[in-house]
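Coordinate inspection notes
In case you want the letters, here they are:
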Amino acid sequence: MDDDPLIWLARPQTGDEELAEVAAVLASGRLTQGPKVVEFEALVRERVGTERAFAVTSATTALHLSLAALGIAPGDEVLVPDFTFPATANVVVQQGAVPVLVDIDLATFAMDPADLERRITPRARAIIPVHPFGLPADMDPIMAIAGAKGLPVIEDAACALGATYHGRATGSIGLAGCFSFHPRKSITTGEGGMITTSDGALAERIGLLRSHGGVREGGRFRFEAAGYNYRLSDILAAVGVAQMRKLDAFLAARRRIAGLYGEALAGLERLRRPVTPPGSTHTYQSYVVLLDAAVDRDAVIARLRAERIETTIGTYALHAEPYFRGAYGYRRGDMAASLAASEGTIALPLHGGMSDDDVALVVDRLAAALA
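So, here's what we can say about the structure. For every chain, the first residue of the written sequence is number 1, and numbering continues from 1 along that sequence. For this predicted model, a pLDDT threshold of at least 70 governs which residues receive local features, and a threshold of 80 or more governs which side-chain atom pairs are given and counted, while totals over whole chains, interfaces and linings are taken from all residues. Only hydrogens and water are removed before side-chain values are computed, so all heavy atoms of the structure are retained for them.

In this section: the sheet that holds strand E15 (residues 280–281). Paired through backbone hydrogen bonds, the strands of a sheet run either parallel or antiparallel to each other. Strand order in the open sheet formed by three strands is E9-E8-E15, and the pairing between neighbours is antiparallel. Each edge of the open sheet is held by one strand with a lone partner, namely strand E9 (168–169) and E15. Only when DSSP finds a minimum of two bridges between them are two strands counted as paired. Each helix is a run of DSSP H or I of at least 4 residues and each strand a run of E of at least 2, with the numbering of both proceeding from the N terminus. Taken together, the two bridges between strand E8 (residues 164–165) and E9 define a ladder with antiparallel strand orientation. The residue of E9 that forms the bridge with Thr164 is Ala169.

Put into structure tokens, the structure is as follows:
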């Protein structure tokens with residue numbers, strides 16, 4: 001269509017392999033959670049290096065199920081970074097608990113360990129660091145703080161399947177990790193998520209709560225908890241199986257394009273390129289640059305849209321959003337680094353279907369918009 005972008009922000013890479021996997025499931029007649037879910041879980045579990053993996057309907061339900069399995073209850077506090085998609089904090093609210101927002105390190109966009117430590121109170125029950133845009137958060141200090149306070153850590157690894165932190169896969173560092181398979185992520189199932197963990201007690205509880213709290217026995221269920229229906233279908237898992245076989249190729253393509261951006265943007269003033277600290281690997285779920293404070297970020301997005309180049313904001317400063325201001329008394333500016341990131345970041349197009357010429361065109365038009 002004429003109004004479609006010339007260069008899309010993101011486009012999932014699917015083909016004959018996914019079609020064949022889905023066709024096989026449809027022919028089998030087993031469409032709900034079944035053998036393809038088991039296969040998909042095994043592929044993710046082996047990649048992450050945990051003992052268990054549970055496919056669910058989204059990263060949001062993965063986070064919610066993890067908190068429910070931990071027994072997070074009304075009045076409990078869960079610490080989350082302020083610069084994130086609202087789902088990270090919404091799942092805390094859905095448990096009746098209180099999301100305690102933590103400022104970020106503006107260099108990496110990840111949770112600031114020093115601010116995390118300052119905001120922990122005796123009511124704290126868990127920490128959810130986010131791996132922003134596919135870059136691992138600085139997990140060693142976060143885990144040290146959590147260990148000293150006796151708090152479990154749930155990694156929001158929605159964007160980070162395939163990333164590593166000092167040789168450890170994201171999703172294997174905390175008590176559990178939660179991944180997304182939305183079309184903008186490293187692999188996609190359309191919608192879907194996964195919880196990874198090596199904690200036996202947590203795994204048992206997740207398995208129970210994922211499917212209505214029921215245990216199958218003698219051809220029927222025995223219901224031991226008020227659970228949820230967070231099961232992934234075999235149709236979507238079949239797509240995930242095919243996608244997992246391509247994960248390394250997808251990541252290589254993303255990192256190559258990110259490298260092209262890095263070189264092309266090196267001499268461009270009025271923006272800061274993303275960084276990858278030593279010891280970490282990045283998935284580049286998004287290539288997010290930080291514009292100078294004097295630049296009108298929204299005007300740049302509009303200018304690029306007029307050129308049919310699709311971009312978007314990095315993500316949100318939750319403390320500045322109406323719900324979190326009204327419910328918890330935050331004031332705009334309480335998290336200075338997060339607010340600067342929310343107002344100044346722009347995600348550039350990045351997907352495996354991009355050519356070198358596409359990258360050059362994006363950079364050329366971005367430079368013109370910043371001139």
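Right, picking up where we left off after that structure.
A few words on the pattern of salt bridges. Two side chains bearing opposite charge may form a pair once their charged atoms approach each other closely. Salt-bridge detection follows one rule: a side-chain nitrogen of Lys or Arg within 4 Å of a carboxyl oxygen of Asp or Glu. Under the criterion given, the structure shown has 21 salt bridges. Note that Arg123 is salt-bridged to Glu77, the shortest N-O span being 3.1 Å. With Arg123 in the loop between helix H5 (113–119) and strand E6 (124–127) and Glu77 in strand E2 (residues 77–81), the pair connects residues that are 46 residues apart, well separated along the chain. Think of it in three bands: with a 1.4 Å probe and only protein chains considered, a residue is buried below 20% of the maximum accessible area for its type, exposed above 50%, and partly exposed in between. By relative accessible area, Arg123 is classed as partly exposed at 47%. Owing to a relative accessible area of 8%, Glu77 belongs among the buried residues under this scheme.

Helix span, as expected, comes to 1.5 Å for every residue beyond the first. With 13 residues, helix H1 (residues 16–28) should reach 18 Å at 1.5 Å per residue; the first-to-last C-alpha distance of 18 Å fits that figure. Burial in H1 covers these residues: Glu18, Glu21, Val22 and Val25. Around the axis of H1, the buried residues are gathered within 95° of arc, so they sit on the same side. Away from its buried face, by an angle of more than 90 degrees, H1 presents the exposed residues Asp16, Leu19 and Ala27. Pairs of residues are marked as contacts when any of their non-hydrogen atoms sit within 4.5 Å. Considering only its buried residues, H1 is in contact with helix H2 (35–48) and helix H8 (234–244). Of the residues one or two after H1, Gly29 is the one with positive phi, at around 80°. Taken from the helix axis, the directions to the C-beta atoms give the arc we talk about.

To obtain an axis, a line is fitted to C-alpha atoms, over the contacting stretch when the element is a helix, and the angle between two such axes runs from 0 to 180 degrees between their N-to-C directions. Where H2 meets H8, the axes come as close as 8 Å, and the angle between the chain directions of the two elements is 35°. Here H2 and H8 pass one another in a crossing that is left-handed. Two secondary-structure elements touch here, H2 through Pro35, Lys36, Val37, Glu39, Phe40, Leu43, Val44 and Arg47 and H8 through Asp234, Ala237, Ala238, Gly240, Val241 and Met244. By the convention adopted, Pro, Cys, Tyr, Trp, Phe, Met, Ile, Leu, Val and Ala count as nonpolar, Lys, Arg, Asp and Glu as charged, and the other residues, Gly among them, as polar. By residue class, the composition of the contact of H2 with H8 is nine nonpolar, one polar and four charged. For a crossing to be left-handed, the near helix must be turned anticlockwise from the far one by less than a right angle; the clockwise case is right-handed.

Taking strand neighbours across the sheet as the criterion, the four strands line up as E1-E11-E10-E7 in an open arrangement whose pairing is mixed. Lying at the two open borders of the sheet, with one neighbouring strand each, are strand E1 (52–56) and strand E7 (154–156). Put simply, the sheet's adjacent strands are angled 20° from each other on average, direction ignored. As defined by bridge partners, strand E10 (residues 176–180) adjoins strand E11 (residues 193–197) across five bridges and the pair is classed as antiparallel. Opposite Phe179, over in E11, you have Met194 as the bridge partner. Against the sheet, helix H3 (residues 59–70) engages E1, E7, E10 and E11, with an angle of about 160° to E10.

Our next topic: the nonpolar core. Of all hydrophobic cores here, the largest spans 33 residues; its most connected members are Leu65, Val78, Val80, Val92, Ile128, Ile195 and Ile206. Of all the secondary-structure elements, those providing two or more residues to this core are E1, H3, E2, helix H4 (87–94), E10 and helix H7 (200–210). Those residues in contact with Val92, other than ones at most four positions away along the chain, are Leu67, Val78, Val80, Ala97, Val98, Pro99 and Ile128. We define the nonpolar core as a collection of buried residues of types Ala, Val, Leu, Ile, Met, Phe, Trp, Tyr and Cys that are connected through side-chain atoms lying within 4.5 Å of one another. In terms of nonpolar packing, the next biggest core, distinct from the first, is built from 26 residues, Ala258, Leu271, Val295 and Leu348 among them.

Of all five residues in strand E3 (residues 98–102), four are buried; the element is thus mostly enclosed. As judged from the five bridges shared by E2 and E3, these two strands associate in the parallel manner. In the sheet register, Glu77 faces E3, and the bridge partner there is Val98. For the segment spanning E2, H4 and E3, crossover handedness is right-handed. If the strands point away from the viewer and the path from the first strand over the helix to the second runs clockwise, then the crossover is right-handed.

Here the focus is the packing of aromatic side chains. Side-chain rings of Phe, Tyr and Trp (the six-membered ring for Trp) are treated as a pair once their centres are within 6.5 Å; stacked means planes under 30 degrees apart, edge-to-face means over 60, and tilted covers the remaining angles. Under the counting rule described, the total for this entry stands at 12 aromatic pairs. On the basis of an interplanar angle of 5° and a centroid distance of 5.0 Å, the ring pair of Tyr228 and Tyr230 is categorised as stacked. Through a chain of ring-to-ring contacts, the aromatic side chains of Phe83, Phe109 and Phe133 assemble into a single cluster.

With respect to the secondary-structure elements, Arg210 resides in helix H7. Residues within four places of Arg210 in sequence aside, it is in contact with Gln33, Glu41, Phe54, Ala55, Val56, Leu65, Tyr228, Asn229, Tyr230 and Arg231.

What follows is about the packing of H3 against H7. The geometry of H3 relative to H7 is characterised by a closest axis approach of 9 Å and an angle of 115° between their N-to-C directions. For the element pair H3 and H7, the recorded crossing hand is right-handed. For the pair formed by H3 and H7, the contact residues are Leu65, Ser66, Ala68, Ala69 and Leu70 on the first element and Leu202, Arg205, Ile206, Leu209 and Arg210 on the second. Looking at the contact of H3 with H7, its residues break down into seven nonpolar, one polar and two charged.

Before going further, it helps to examine the environment of Ala24. Of note, Ala24 is situated in helix H1. Through-space distance from the C-alpha of Ala24 to that of Ala360 is 41 Å; in sequence the pair is 336 residues apart.

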